[in-house]
Amino acid sequence: MAVVGGAAAPPLILKLLLSLLLCFNYSSPTLIQAGKWEPWEDRYPFIREASSFSSSSSSSNNGNNIKTYDYIIVGGGTAGCPLAATLSQKFSVLLLERGGVPFANANVSFMQNFHIALADTSPSSASQYFLSTDGVFNSRARVLGGGTCINAGFYTRAGPSYIKKAGWDSKLVNESYPWIEKQIVHKPNLAPWQRAVRDSLLEIGISPFNGFTYDHIYGTKVGGTIFDRFGRRHTAAELLASANPKKLDVLVHATVQKIDFDTSGKKPRAVGVIFKDENGNQHKAFLSKRKGSEIIVSSGAIGSPHILMLSGIGPKAELEKLNIPVVLDNKFVGQGMSDNPLNTIFVPTNRHVEQSLIQTVGITKEGVYIEASSGFGQSGDSIRCNHGVASAEVRQLSTIPPKQRTFEAIEAYRRSKKNIPHELFRGGFILEKIATPLSRGNISLVTTNADDNPSITFNYFSHPRDLKRCVDGIRIVEKIAKSKHFTNYTQCDKETLDKLLNMSVQANVNLIPKHTNNTQSLEQFCKDTVITIWHYHGGCHVGKVIAPDYRVLGVHRLRVIDGSTFEESPGTNPQATVMMMGRYMGVKILRERLGRAAGL
């Protein structure tokens, strides 16, 4: 993707850094509810710091004053929050989240700070940076609400064929999606850039136009968003407002170290979890001995296989390498990982561009999705001096810890782009994503520290079909950029358009070695400019790690419910289906355990 040049004067850089620092430290302790300011603590009285936890309870009836829970959920993310809210209607639930709350974090709450959250690599950031072994920069959520707190906000359901393939009850699925939508989803105000992309998609034949819809259907459409009309983000954490506050405990800054098992029987039996609080002190939470009580891992596609391995469930050789006691040898844990590769082209314009994240999408029969973003870095002194969903500047700086972001480091990066016209600050991106990649990777342990990222490999474009579809997608993007509707909007001349691919190659979007004359080989262009759109999945697949009911094979009282169970990423963007899955499985578990008494 293309970037801008022209070195900024030292006072300007100082201003940028100061603005960035203010954004990192700004906080608002309140929420807007029904037009009134309300402290988030009043709406979510069950959320507290992990250090406040005590396993003793004077009201315990187990005879030893140990407080127990019917369900312990590891991970308060996209699936974990709706799951906890649902299960708490009938049973006691402990939800453990390693990050903090999103409500007082301006980088989470406001759309204009979207990229700042991704750039923040401090220990308190809602986004935890990692670099895959492929050389691609990436992020995983570290905050209550999970990926809904750091994503681009687009909301769209999975298609009927996906629901059928997953083996889900379509009636319950169609009850669970609206439960999410009524609480946190909005119809977007379509930005000019998004309208131009919409009209161009239709012009080049990606039809019909399906209007505003949550449904996943071929053609061009406008989807939902979790940003409201004021640009304020609504996350999965807000679904906790539907919980029974008397039966739910939510601990933030609670980093689970491992799941504890009783191995005296024929099969290992989950009995509790060991976690540390924000001060580094260790605690243990106990699972009730009541029939049906379970620990549920909902830590995401990276976190769930990671915590299983740290707990002794995984490839035996991998575990023994780090002296982790083997609870269950399963060679499939952490295997079959996949990430939907993304390639983008930056299109400049000589006019002001309104900020927008993803609103319009083209669902093609070539197996690629076309999306768009716009409107960042429109002035030299803007703190948003980055370029949309695939910002080179943010990603470059994210490799440098905040305290080491010196004038010299920033200047060196800016000098590397000095040959690109400053006018290219104005514009946006057209994004092309592979729908169902066949390339597979894996996760492997590096340390036994739960705070450390595992080693993650996605093997982008290792399957030839993925590469072919990327080429097809780039050709569609080129057609859009040169379409009548788009060129009329951008006022971008043909000479500039011809340089777009080369400018995209020059940008430092990843650590993959670049090749010359990339525009002569779109295959090489795809390989050289691949980035992520954070839709990684797999690692705990059905039939290999878990059963169809999401119970972990070979052990008792343990399930995995999140995107790590997916063979394919649902819809064009997965967050809607991951949240739905949390609600769906919560209702399903209650109905299986209580029958009609579930009352849902």
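Note that the coordinates shown come from a computational prediction; the quantities given were computed from them, not determined experimentally.

Quick look at the overall build of the protein now. Counting secondary structure elements, the protein contains 18 helices and 28 strands. Within the protein, the fraction of its 600 residues that count as buried is 60%. Nonlocal contacts in the protein, meaning residues at least 24 apart in sequence, comprise 73% of its contacts between residues at least 6 apart. On the protein, roughly 23300 Å² of surface is accessible, and the fraction owed to carbon and sulfur atoms is 50%.

This part covers the pattern of salt bridges. Scanning all chains against the criterion turns up 16 salt bridges. A salt bridge links glutamate 294 to arginine 551; its shortest N-O distance comes to 3.1 Å. With glutamate 294 in strand S17 (residues 294-297) and arginine 551 in the loop between strand S27 (531-532) and strand S28 (558-560), this residue pair connects regions lying 257 residues apart in the sequence. Relative accessible area serves as the criterion here: at 4%, glutamate 294 is assigned to the buried category.

Turning our eyes to something else, we now look at unusual backbone geometry. For the peptide bond that leads from serine 207 to proline 208, omega is 5 degrees, which places it in the cis range. Considering the arrangement of structural elements, one finds proline 208 in the loop between helix H8 (192-203) and strand S10 (209-212). We note that asparagine 323 has phi near 60 degrees; this positive angle belongs to a residue other than glycine. The topology assignment puts asparagine 323 in the loop between helix H10 (316-321) and strand S19 (328-329).

It helps to recall that an α-helix has 3.6 residues per turn; residues three or four apart then point in one direction. With 15 residues, helix H7 (residues 170-184) extends 22 Å from end C-alpha to end C-alpha; this agrees with the ideal 21 Å at 1.5 Å per step. Taken as a whole, H7 has its buried residues at Leu172, Val173, Ser176, Tyr177, Trp179, Ile180, Glu181 and Ile184.

Before going further, it helps to spend a moment on the sheet that holds strand S6 (residues 93-97). An order of S3-S13-S6-S5-S17-S28 is seen for the six strands of this open sheet, with the pairing classed as parallel. The two strands at the open ends of the sheet, each matched to only one other strand, are strand S3 (47-49) and S28. Ignoring which end each strand starts from, the neighbouring axes of this sheet average 20 degrees apart. With five bridges connecting them, S6 and strand S13 (residues 248-252) associate as parallel partners. In the strand pairing of S13, leucine 95 is matched with valine 250. Lying over the sheet, helix H18 (residues 575-594) contacts strand S5 (71-74), S17 and S28, oriented at roughly 150 degrees with respect to S28.

Below, the discussion takes up the pairing of strand S11 (residues 219-222). Side chains Gly219 and Lys221 project from S11 onto one buried face, and the interleaved Thr220 and Val222 project onto a second face that is buried too. Looking at chain direction, S10 and S11 are connected through two bridges and run parallel. By the bridge assignment, phenylalanine 212 is partnered in S11 with valine 222. Of the pairings in the sheet, the one linking S11 to strand S22 (residues 360-363) comprises four bridges and is antiparallel in character. Within the sheet, the bridge partner assigned to threonine 220 lies in S22 and is glycine 362.

The next point concerns the sheet that holds strand S25 (residues 441-444). Taken in spatial order, the three strands line up as S20-S25-S26 in an open sheet, and their pairing is antiparallel. The open sheet has two free edges, formed respectively by strand S20 (335-337) and strand S26 (455-457), since each of these has just one partner strand. Neighbour-to-neighbour, the strand axes of the sheet open up by a mean angle of 30 degrees, direction not taken into account. The pairing of S20 with S25 spans two bridges and is classified as antiparallel. When the sheet's bridge partners are listed, methionine 337 is paired in S25 with glycine 441. Each of S20, S25 and S26 is contacted by helix H9 (residues 300-310), which is oriented at about 45 degrees to S25, the strand it contacts most.

This part takes up the nonpolar core. Core analysis: the biggest nonpolar cluster contains 130 residues, and Ile47, Trp168, Leu240, Val273, Phe275 and Leu558 have the highest contact counts within it. Per-element tally for this core: the top contributor is H18, with 10 residues. Excluding anything up to four places from it in sequence, isoleucine 47 contacts Trp40, Val101, Phe103, Leu144, Leu240, Val250 and Val252. In this structure, Phe154, Phe429, Leu431 and Ile533 belong to the second largest nonpolar core, which totals 24 residues.

Moving on to the confidence of the model for the protein. For the protein, the mean per-residue pLDDT works out to 85, and 79% of the residues sit at or above 70. Confidence drops under pLDDT 50 across residues 1-30; counting only partners more than four residues distant or on other chains, this segment forms 85 contacts. Note on residues 417-425: pLDDT is under 50 here. Beyond four places in sequence and across chains, it has 29 contacts.

Turning our attention to H8. With 12 residues, H8 extends 16 Å from end C-alpha to end C-alpha; this agrees with the ideal 16 Å at 1.5 Å per step. Buried within H8 we find Trp193, Gln194, Ala196, Val197, Arg198, Ser200 and Leu201. Downstream of H8 by one or two residues, glycine 205 has phi in the positive range, about 100 degrees.

Put plainly, a disulfide is one covalent bond tying together the sulfur atoms of two cysteines. Applying the stated rule across the entire model yields one disulfide. The partner cysteine of cysteine 470 in its disulfide is cysteine 526, sulfur to sulfur 2.1 Å. Residues cysteine 470 and cysteine 526 are joined through a disulfide that is left-handed, its torsion about the S-S bond being -100 degrees. One end of the pair, cysteine 470, is in helix H13 (residues 464-481); the other, cysteine 526, is in helix H17 (residues 522-528), with 56 residues separating them in the sequence. With respect to class, cysteine 470 is no different from cysteine 526; both count as buried. A disulfide-free cysteine, cysteine 149 has its sulfur positioned 7.8 Å from the sulfur of cysteine 81, the nearest such atom. A relative accessible area of 1% places cysteine 149 in the buried class.

For the rest of this paragraph, the subject is the environment of valine 136. Within the secondary structure, valine 136 sits in the loop between strand S7 (127-131) and strand S8 (137-141). On a C-alpha basis, the gap between valine 136 and phenylalanine 458 in space is 9.4 Å, while along the polypeptide they are 322 residues apart.

Our focus in this paragraph is the packing of aromatic side chains. Aromatic rings in a pair are described by how distant their centres are and how their planes are angled relative to each other. For the structure shown, the criterion picks out 19 aromatic pairs. Geometrically, the ring pair formed by phenylalanine 114 and tryptophan 534 is edge-to-face, given 6.0 Å between the ring centres and 80 degrees between the ring planes. Of the two residues, phenylalanine 114 is situated in helix H5 (residues 114-119) and tryptophan 534 in the loop between S27 and S28; the sequence distance between them amounts to 420 residues. We note that phenylalanine 114, like tryptophan 534, is buried. A ring pair is formed by tyrosine 162 and phenylalanine 566, whose centres lie 6.1 Å apart and whose planes are at 90 degrees; its orientation type is edge-to-face. Placement of tyrosine 162 in helix H6 (residues 160-166) and of phenylalanine 566 in the loop between S28 and H18 is noted, with a sequence separation of 404 residues between them. The residues tyrosine 162 and phenylalanine 566 share a single accessibility class, namely buried. One aromatic cluster in this structure is built from Trp40, Tyr44, Phe46 and Phe103. The positively charged end of lysine 365 is found above the aromatic ring belonging to tyrosine 218, 5.5 Å away from the centroid. Positioned above the aromatic ring of phenylalanine 91 is the side chain of arginine 593, whose terminal nitrogen or guanidinium carbon lies 4.0 Å from the ring centre.

Rules used in this analysis
- Residues numbered from 1 in each chain as written.
- Predicted model: local features only at pLDDT ≥ 70, side-chain atom pairs only at ≥ 80, totals over all residues.
- Heavy atoms only, no water.
- Helix = DSSP H or I, 4+ residues; strand = E, 2+ residues; numbered from the N terminus.
- Buried < 20%, exposed > 50% of the residue type's maximum accessible area, 1.4 Å probe, protein only.
- Contact = heavy atoms within 4.5 Å.
- Areas by Shrake-Rupley, 256 points an atom, 1.4 Å probe, with all protein chains shown as cover.
- Salt bridge = Lys/Arg side-chain N within 4 Å of Asp/Glu carboxyl O.
- Expected span 1.5 Å × (residues − 1).
- Pairing = 2+ DSSP bridges.
- Axes fitted to C-alpha atoms, helices over the stretch in contact; angles between N-to-C directions.
- Core = buried A, V, L, I, M, F, W, Y, C linked by side-chain atoms within 4.5 Å.
- pLDDT = per-residue confidence, 0-100.
- Disulfide = S-S within 2.5 Å.
- Phe/Tyr/Trp six-rings, centres within 6.5 Å; stacked < 30°, edge-to-face > 60°.
- Lys NZ or Arg CZ within 6 Å of the ring centre and 35° of its normal.

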